[in-house]
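# Close look at the chain arrangement
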Amino acid sequence: MTFAALRARLPAPVWLDGAAGGRYSVMSAAPRGQVVSRHGRTRWLPGEGGDGDDLGTADPLALLHESLGPRVAANGPFAGGAIGYFSYELGRRLQGQTTRDAGMPEMAVGLYDWALVLDHQQRCAWLAGDPPADVADWLATAPAQAPGAWWPTGEPAATPDRVAYDRAFRRVRDYLHAGDCYQVNLARRLQAPFDGDPLGVYRDFREAAGGPFAAYLELAGGPILSGSPERFLELRDGWVKTAPIKGTRARGVDPRADAARRDELLSSAKDRAENLMIVDLLRNDLGRACRTGSVSVPRLFALESFVTVHHMVSTVVGRLRADRTATDLLRDCLPGGSITGAPKFRAMEIIDELEGEPRGIYCGSIGYLGADGAMDTSIAIRTMTARDGVLDYRAGGGLVVDSECGAEFDETESKAAAFRRLLAVVG
């Protein structure tokens with residue numbers, strides 16, 4: 001594995017892994033520094049180590065924009081810029097809500113001057129940007145390296161259980177009937193103790209759950225391991241695209257059962273209504289940064305299938321205004337509407353009340369902001385942290401007025417199936 005060899009040689013490695021259905025993968029390491037925001041303050045951590053500089057309490061995305069500097073042209077998807085994560089707690093902060101300490105930064109982004117880019121469609125790779133002098137020679141001669149072994153050291157635990165989930169479900173139902181909101185995303189947390197190499201965990205996880213926006217990051221607060229199937233925001237040549245997922249069915253055990261699950265999802269009036277709510281929310285979010293009249297929905301209620309689930313996916317596009325940037329767009333849209341509910345602000349308040357703990361990276365965003373002004377980010381679902389000997393994973397679903405508690409609980413189990421399968425196979 002090239003990335004394992006890169007990681008063994010250079011600090012702060014990152015891998016945006018599009019091998020499972022994406023066009024490109026991007027690998028880099030040894031950033032010139034990291035922009036890290038925590039407890040309402042942002043710091044610059046230099047790549048060579050040290051305490052760094054306090055950048056203050058200003059908007060961390062504005063500080064990131066300043067760190068990116070003037071735009072430069074790029075060949076391909078990424079030739080230098082920022083790669084990292086933007087947590088759900090950063091979204092709460094940007095929405096004007098009180099944040100909690102999730103045990104990790106609200107934002108951690110490395111500034112990388114180069115990348116190894118892999119084009120899975122054309123089956124080629126190249127070094128982009130300004131790589132260190134010896135990297136090209138080293139990549140040409142370095143043998144592939146395997147990630148280290150890992151193993152679970154105890155049984156996984158999930159909260160809430162069915163009884164506690166039922167209580168939270170009924171509270172959401174009360175809010176829905178009272179007209180407080182139209183949809184609320186309610187999540188469960190799964191944790192499992194482990195030992196060994198987090199990259200080894202990722203190697204096995206990407207086999208069980210790898211989506212087109214998978215990623216592995218070793219930045220402040222990491223490691224972060226993602227198998228995300230969902231694009232959050234793409235910005236390229238002035239055009240913005242988002243592709244929200246809303247509507248899920250577990251894959252069937254044989255082709256006939258699988259086709260029945262797929263058809264059931266596509267014909268479900270409830271799932272189509274949920275999807276449409278989020279499409280409308282995202283049209284509104286994009287409208288804040290895009291030209292008037294440019295926002296449209298070219299794809300509605302499409303099917304996308306993954307290892308363990310089928311999803312209903314729509315696409316919303318718009319033309320970015322000339323006075324707006326990638327960081328402005330990110331600020332306008334964080335956190336993604338597909339994993340909050342509608343209206344967003346009130347749904348987030350209810351989530352905080354009922355989940356009772358910060359989400360951290362879950363339902364935040366992972367990706368890059370290029371020095372050329374482009375951006376591509378995912379929604380951090382099917383995503384876990386691997387810190388302090390614990391794998392921490394979440395799974396949730398959107399609740400609406402006609403949701404059934406048992407079916408919604410089972411949907412969280414479907415979304416957690418890859419995590420449980422990962423532990424079962426290795427254990």
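The structure reproduced in this document is the subject of the present report. Every chain is numbered independently, its residues counted from 1 as its sequence is written. Only residues with pLDDT of at least 70 are given local features in this predicted model, and only at 80 or more are side-chain atom pairs given and counted; all residues enter the totals for whole chains, interfaces and linings. Hydrogen atoms and water are omitted, and side-chain values are computed over all heavy atoms in the structure.

Only protein chains enter the accessibility calculation, which uses a 1.4 Å probe; a residue whose area is less than 20% of its type maximum is buried, one above 50% is exposed, and one in between is partly exposed. Numbering of helices and strands runs from the N terminus, with a helix taken as a DSSP run of H or I at least four residues long and a strand as a DSSP run of E at least two residues long. Within the sequence span of helix α1 (residues 2–9), burial applies to F3, A4, A5 and L6. Throughout, a contact is declared for two residues whenever any of their heavy atoms are within 4.5 Å. Considering only its buried residues, α1 is in contact with β1 (14–17), β2 (24–28), β8 (114–119), α4 (135–141), α6 (198–209) and β13 (213–217).

Now for a nonpolar patch on the surface. In this scheme, patches are assembled from residues that exceed 30% relative accessible area and form no salt bridge. Like charges are connected within 9 Å, while nonpolar side chains (Val, Leu, Ile, Met, Phe, Trp, Tyr) are connected within 5 Å. Surface accessibility in these figures is a Shrake-Rupley result with a 1.4 Å probe; residues are shielded only by whichever protein chains are displayed. By convention in these notes, a salt bridge is any Lys or Arg side-chain nitrogen within 4 Å of a carboxyl oxygen on Asp or Glu. Nonpolar side chains collect at one region of the surface, where L276, V297 and L300 lie side by side and expose about 210 Å² of accessible area between them. Relative to the helices and strands, L276 resides in helix α8 (residues 269–287).

Here we come to the pattern of salt bridges. Enumeration according to the criterion identifies 42 salt bridges in this entry. Its salt-bridge partner being R331, residue D59 comes within 2.5 Å of it at the nearest N-O pair. Here R331 lies in helix α9 (residues 326–333) and D59 lies in the loop between β5 (53–56) and α2 (60–68), a separation of 272 residues in the sequence. The class of D59 is partly exposed, set by a relative accessible area of 25%. Across the pair D392 and R394 runs a salt bridge whose closest N-O atoms are separated by 3.2 Å. Across this residue pair, the class does not change: D392 and R394 are buried. Linked through salt bridges whose partners overlap, the residues forming this network are R231, E234, R236, K241 and D376.

A word on the nonpolar core. Core analysis: the biggest nonpolar cluster contains 51 residues, and L64, F86, L233 and L329 have the highest contact counts within it. The element that contributes the greatest number of residues to this core is helix α5 (residues 162–177), accounting for six residues. Residues enter a nonpolar core if they are buried and are Ala, Val, Leu, Ile, Met, Phe, Trp, Tyr or Cys, with the set joined through side-chain atoms within 4.5 Å. In this structure, A4, W138, V201 and Y393 belong to the second largest nonpolar core, which totals 35 residues.

What follows deals with the pairing of strand β17 (residues 245–250). The buried fraction of β17 is high, at five of six residues. Pairs of strands are assigned from DSSP output, requiring at least two bridges between the strands. Inspection of the sheet shows β17 paired to strand β19 (residues 309–319) by four bridges, in the antiparallel sense. Within β19, the residue paired with T248 across the bridge is H311.

Pairs were defined over the aromatic rings of Phe, Tyr and Trp, the Trp ring being its six-membered one, requiring ring centres within 6.5 Å. Orientation was assigned from the angle between planes: stacked under 30 degrees, edge-to-face over 60, tilted for the rest. In total, this model carries nine aromatic pairs according to the counting rule given. An angle of 75° between the planes, with centres 5.4 Å apart, marks the rings of Y165 and F409 as edge-to-face. Note that Y165 is positioned in helix α5 and F409 in helix α11 (residues 405–415), a separation of 244 residues in sequence. One aromatic cluster is present, formed by F3, W15, Y202 and Y216 through successive ring pairs.

Along β19, ten of the eleven residues are buried, which leaves the element largely enclosed by surrounding structure. With four bridges joining them, strand β16 (residues 239–242) and β19 adopt antiparallel strand pairing. Considered in β19, the bridge of V240 is made with G318. Across six bridges, strand β18 (residues 296–305) lies against β19 in antiparallel orientation. What sits directly across from L303, in β19, is M312. Hairpin connection of β18 to β19: three residues between the antiparallel strands.

Everything listed here is a matter of geometry and, on its own, says nothing about what the molecule does.
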